[in-house]
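The chain contents come next:
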Amino acid sequence: MNFVEARLAKLARNGDRNAFEELVELYKDKIFHLAYRMLNNKQEAEDAVQETFLRVYTNLHRYDENQKFSTWIFRIGTNLCIDKLRRRKNTYSLDAELPDGEGNDFYAMLPSDEDTPEKQLIVSETQEQIRKAIETLPEKYKSVVILRYLHDMSLQEIGDVLGMPVTTVKTRVHRGREYLRKLLEQHEHITI
């Protein structure tokens, strides 16, 4: 896949619009899921996807074909989301309401042994608590936790995406997980 993506990037850099469209098709959903998990807002995530591909297109001349294309595009998308989170901090309001139901679906991976209404209620509450806990993570932990546990990236891949040593990634994953564990300990039925 890396060879195909590198070839598509090279063709796109030389003006092949079809090659660029293929890259968009390959990555638009992945980038959307990354952005949605980091920003927890559908509209902002859609904007981040658009901005990511705009930056990819305008910076194709800077893509190093010796590096994985996925690493390069995830780095662009992650950095855009981090920038949006930083800007959001300046305009955050305690009265702001989250849109109903947003952010619940990607935690549906939590296992459920029974289909009873009680069990569904517990799982739904758990998903909401985990979503809220991830939202409160400091930026430096939020991106590594999302890439590690929701995108299932290796520590090396996360290091490549974020441009940091694996030892730093490992530390941040550990500290982010500990941060979440402490937050969620208040709710006795949640363990991570």
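Residues numbered from 1 in each chain as written. Predicted model: local features only at pLDDT ≥ 70, side-chain atom pairs only at ≥ 80, totals over all residues. Heavy atoms only, no water.

- An unreviewed UniProt entry annotates the protein chain as RNA polymerase sigma factor SigW originating from Paenibacillus aestuarii.
- The UniProt entry for the protein chain carries the following comment under Sequence similarities (unreviewed entry): "Belongs to the sigma-70 factor family. ECF subfamily." (UniProt positions renumbered as here; feature names shortened; annotations may be inferred.)

1. Looking at the nonpolar core
(1) Moving on: Counting residues in hydrophobic clusters, the biggest one holds 49 residues, and the most contacted among them are Val56, Phe69, Ile73, Phe74 and Leu147.
(2) Moving on: Per element, the largest residue contribution to this core is 10 residues, and it comes from helix 2 (residues 17–39).
(3) Moving on: With residues up to four places along the chain from it excluded, the contact list for Val56 reads Phe20, Phe69, Trp72, Ile73 and Ile76. (Core = buried A, V, L, I, M, F, W, Y, C linked by side-chain atoms within 4.5 Å. Buried < 20%, exposed > 50% of the residue type's maximum accessible area, 1.4 Å probe, protein only. Helix = DSSP H or I, 4+ residues; strand = E, 2+ residues; numbered from the N terminus. Contact = heavy atoms within 4.5 Å.)

2. Quick notes on unusual backbone geometry
(1) Moving on: Look at Asn40: it is not a glycine, yet its phi comes out positive at around 55°.
(2) Moving on: Its place among the elements puts Asn40 in the loop between helix 2 and helix 3 (42–58).
(3) Moving on: Given a relative accessible area of 7%, Asn40 falls into the buried group.

3. Let's talk about the packing of aromatic side chains
(1) Moving on: With the rule as written, the count across this model stands at seven aromatic pairs.
(2) Moving on: Ring geometry for Tyr27 versus Phe69: centroids 5.6 Å apart, planes at 55°, classification tilted. Residue Tyr27 is found in helix 2, and its partner Phe69 is found in helix 4 (residues 69–90); the two are separated by 42 residues along the sequence. Here Tyr27 matches Phe69 in class, with each residue buried.
(3) Moving on: Ring centres 5.8 Å apart and planes at 10° place the aromatic pair Phe32 and Tyr36 in the stacked group. Of the two residues, Phe32 and Tyr36 are both situated in helix 2; the distance of four residues between them amounts to about one turn of the helix.
(4) Moving on: Looking at Tyr36, the relative accessible area reads 9%, which means it is buried.
(5) Moving on: Each member of the aromatic cluster is reached from another via a ring pair, and the members are Tyr27, Tyr63, Phe69 and Trp72.
(6) Moving on: Above the face of the Tyr27 ring, Lys30 is positioned so that its terminal group lies 5.1 Å from the ring centre. (Phe/Tyr/Trp six-rings, centres within 6.5 Å; stacked < 30°, edge-to-face > 60°. Lys NZ or Arg CZ within 6 Å of the ring centre and 35° of its normal.)

4. Let's talk about the side chain of Lys142
(1) Moving on: Tracing the chain through its elements places Lys142 in helix 6 (residues 139–150).
(2) Moving on: Of the polar contacts made by the side chain of Lys142, one reaches the backbone oxygen of Met38; its length is 2.9 Å.
(3) Moving on: Here Lys142 is in contact with Met38, Leu85, Ile134, Glu135 and Leu137, once residues within four sequence places are set aside. (Polar contact = N/O pair within 3.5 Å; in protein donor to acceptor, adjacent residues only side chain to side chain.)

5. Focus on the pattern of salt bridges
When the charged atoms of two side chains with opposite charge come close together, those side chains can pair.
(1) Moving on: Tallying each qualifying case throughout the model produces five salt bridges.
(2) Moving on: When the shortest N-O distance is used, the salt bridge between Arg13 and Glu65 registers 2.2 Å. Separated by 52 residues along the polypeptide, Arg13 in helix 1 (residues 2–13) and Glu65 in the loop between helix 3 and helix 4 bring together distant segments of the chain.
(3) Moving on: In this structure, Glu178 engages Arg181 in a salt bridge whose closest nitrogen and oxygen atoms are separated by 2.6 Å. Here Glu178 pairs with Arg181, and both are found in helix 8 (residues 166–184), just three residues apart, close to one helical turn. (Salt bridge = Lys/Arg side-chain N within 4 Å of Asp/Glu carboxyl O.)

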